[in-house]
Amino acid sequence: DEWSGGVVFVEDLVRGRGRGRGGGVDQAEGHRTGFRLIPRLKDDGTAKRSSRALSTGEVKRLSGWWMMRMRMRMRRGVVMVSLFFFAASCVFIEAAAKKVKVKEERIQQLDLEPGHFAGLEFMGGLILHAKDDHFGGWSGIVTKREGREVVAVSDKGYWLNMTLSYAEGGRAPMEVTGAWTYPLLDPEGNPLKKKAWADAESVVFGSRGDLLVSFERNHRIVRYDNVTAPATTDSALTLASEILSKHCNYNGGPEAIETYEDHLIMFCEDAIDGYDTSFQGWLVPLQPAPGAREKSELGYSRRLFMKITDGFRPTDFAMLDSGDLLILERMHDGHRTGFRLEVIPRKYLAATGEEALVVPARAAEAWQSPSNPVDNMECLSVDQLEGGKVRVNLMSDDNFSSKQQTVFFVFEVHAEDLVEYAYEMARVEDFPPSNPQVLSNGTREKTIQVVVGVSLFLGGLLTGAGVVMIVNYVRSKNSNKRKYESFVAMTRQDFNDFSLPSDDQM
């Protein structure tokens, strides 16, 4: 009774040759050895019971009980560690996949400029607001389920998965029923952080239901199996990335990409040096022929040249089921903001030679005004509807600016009418591909950057050397001044100590 109600400690008192599991007899000292119990103390500090020697059976039972206690503690430790890592993984998943509350304002009217294709009908739109640091900057979208599910990428390295509800009849968007953001991951599974690596500009569906994403600044195109998967690449995407790195300006990379018959269409955002209205692109096989890496880029890809006027630039592509390419263009010069929709017919994608400059058919144009909520439109997708109609979705990049906003526009058009109009209005002009500037779109800017960088470095070096010289000169001057003042003070002291002899002394 006196030992119950608490845990006791075990002390090993085995001595000499009597060591063993259950103790033994120390022949040198002639007494039984083994384990003894260290009794608990009473409130007054005295022992409840004096220690006693244990028999072999008691030692075995006690050691078995002790081992059982140790195993139980180890199991509890394993369980606690497992629970800790499980909780940590849950926290990471919760932090990675963040649900965002989005508020919307409905847009019921959008005025398009007259004189273009008349069959594009505005169905409605939404102005989207969210108090979230990662909501905004959307620069590319794909849509599913007739536009009810939206997947977007931002130029700060985030995914957006958003679901929309439509009005009765399914024609006008009404509200956002759910929205989640996820960080874009690098090949090691880490979130992209630096702007130079996280500047995603466009996203399209691959042939396997995966997602191809283009990035500028560090120009590249990578593949994601889904929005939570890390980035992967292959030989075709690596070759495409090398072309972009060679030809696109630093901040004028692949704003627009699209897939076309097992090929990837991609264009630089900036016009070719010396040709303000001409843009260079490539048609790259997603399954390059063996040995393509050893060939020149013209051995496995084909260049495309496109004419875009009035200061507009290509920001996204969408491929119609007919194989005709729909182009979204935007313009912002500090005074005006607008967008255009143009179409390149399939025949110009499939058969146009490299000496041809394709002039797309202009289908729509709109400008920002107090009553027209046009913004920096960068995202484009299409969805096939019943009856031969196509739903066209546009979304803007607000640049995380309080002066801009995220808007989502929905149009509908009969695909056959749009394609027929494109074949009538699109044309081809001659273009000189032998000009070396065409083959080195980004060389001039890169050369200028190198020259400017070297000049700044040398200027900084000379400035630093000049500052050091000035500081040393000032220090030397101050030191000489202090020495002079010290000399004057010592001389005055010497004169004060010196006294002429008096007349009596003389």
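Residues numbered from 1 in each chain as written. Predicted model: local features only at pLDDT ≥ 70, side-chain atom pairs only at ≥ 80, totals over all residues. Heavy atoms only, no water.

1. Regarding the overall build of the chain
Okay, step 1: Within the chain one finds 7 helices and 27 strands.
Okay, step 2: Per-residue burial over the chain gives 43% buried out of 506 residues.
Okay, step 3: Nonlocal contacts in the chain, meaning residues at least 24 apart in sequence, comprise 57% of its contacts between residues at least 6 apart.
Okay, step 4: Carbon and sulfur atoms make up 54% of the accessible area of the chain, which amounts to about 28,100 Å² in all. (Helix = DSSP H or I, 4+ residues; strand = E, 2+ residues; numbered from the N terminus. Buried < 20%, exposed > 50% of the residue type's maximum accessible area, 1.4 Å probe, protein only. Contact = heavy atoms within 4.5 Å. Areas by Shrake-Rupley, 256 points an atom, 1.4 Å probe, with all protein chains shown as cover.)

2. Observations concerning the nonpolar core
Okay, step 1: Counting 54 residues, the largest nonpolar core has I265, F339, L341, V392, L394, F409 and F411 as the members making the most contacts within it.
Okay, step 2: In this structure, L128, F135, L160 and L164 belong to the second largest nonpolar core, which totals 20 residues. (Core = buried A, V, L, I, M, F, W, Y, C linked by side-chain atoms within 4.5 Å.)

3. A few points about the sheet that holds strand 25 (residues 389-396)
Okay, step 1: Read across the sheet, 5 strands follow the order 6-7-26-25-24 without closing on themselves; strand pairing throughout is antiparallel. If you trace the sheet from one side to the other, it starts and ends with strand 6 (103-107) and strand 24 (377-384), each paired once. Going across the sheet, the axis of each strand differs from the next one's by a mean of 20 degrees, ignoring polarity.
Okay, step 2: Note: strand 24 against strand 25, 7 bridges, orientation antiparallel. Within strand 25, the position partnered with L380 by the bridge is L394.
Okay, step 3: Here helix 5 (residues 415-425) sits on the sheet in contact with strand 25 and strand 26 (406-414), set at roughly 90 degrees to strand 26. (Pairing = 2+ DSSP bridges. Axes fitted to C-alpha atoms, helices over the stretch in contact; angles between N-to-C directions.)

4. What about the pairing of strand 14 (residues 220-224)?
Okay, step 1: Buried residues dominate strand 14, accounting for 5 of its 5 residues.
Okay, step 2: Residues of strand 14 alternate between two faces, with R220, V222 and Y224 on one and I221 and R223 on the opposite face, all of them buried.
Okay, step 3: The sheet contact formed by strand 13 (residues 211-215) and strand 14 spans 5 bridges and is antiparallel. Each residue of the ladder has a partner; that of V213, found in strand 14, is V222.

5. Brief notes about the pattern of salt bridges
Okay, step 1: Inspection of the entire model under this criterion finds 23 salt bridges.
Okay, step 2: We note a salt bridge from D199 to R217, for which the minimum N-O separation is 3.0 Å. Highlighted residues: D199 in the loop between helix 2 (195-198) and strand 12 (200-205) and R217 in the loop between strand 13 and strand 14, separated in sequence by 18 residues.
Okay, step 3: Look at D199 and you get buried, because its relative accessible area is 2%.
Okay, step 4: The salt bridge partner of D210 is R208, with a shortest N-O separation of 3.2 Å.
Okay, step 5: On the basis of relative accessibility, which here comes to 61%, the residue R208 falls in the exposed class.
Okay, step 6: In the salt-bridge network here, residues are joined through shared partners; they are E121, R171, K389, R391 and E412. (Salt bridge = Lys/Arg side-chain N within 4 Å of Asp/Glu carboxyl O.)

6. Things to note about helix 5
Okay, step 1: Looking at helix 5, one finds that the buried residues are A415, L418, V419, Y421 and A422. What you see down the axis of helix 5 is that its buried residues fit within an arc of 160 degrees, all on one side. The exposed residues of helix 5 that point more than 90 degrees off its buried face are E416 and E424.
Okay, step 2: Buried-residue contacts for helix 5 involve strand 21 (337-344), strand 23 (361-367), strand 25 and strand 26. (Arc of directions from axis to C-beta.)

7. A closer look at the environment of G388
Okay, step 1: Looking at the element boundaries, G388 is found in the loop between strand 24 and strand 25.
Okay, step 2: A relative accessible area of 37% means that G388 is categorised as partly exposed.
Okay, step 3: Taking the C-alpha atoms as reference, G388 lies 8.7 Å from V413; in sequence the two are 25 residues apart.
Okay, step 4: With residues up to four places along the chain from it excluded, the contact list for G388 reads V413, H414 and A415.

8. Here we look at helix 3 (residues 235-247)
Since the α-helix packs 3.6 residues into each turn, any two residues three or four apart lie on the same face.
Okay, step 1: Between its first and last C-alpha, helix 3 extends 19 Å over 13 residues, near the 18 Å set by a 1.5 Å rise per residue.
Okay, step 2: A236, L237, L239, A240, S241, I243, L244 and H247 are the residues of helix 3 that are buried.
Okay, step 3: The opening residue of helix 3 is D234, an N-cap whose side-chain oxygen sits 3.1 Å from the backbone nitrogen of A236. (Expected span 1.5 Å × (residues − 1). Polar contact = N/O pair within 3.5 Å; in protein donor to acceptor, adjacent residues only side chain to side chain.)

9. Description of unusual backbone geometry
Okay, step 1: Its identity as a non-glycine residue notwithstanding, E261 has a phi of 50 degrees, on the positive side.
Okay, step 2: Positive phi is not limited to glycine here, since F400 has a value of about 55 degrees.

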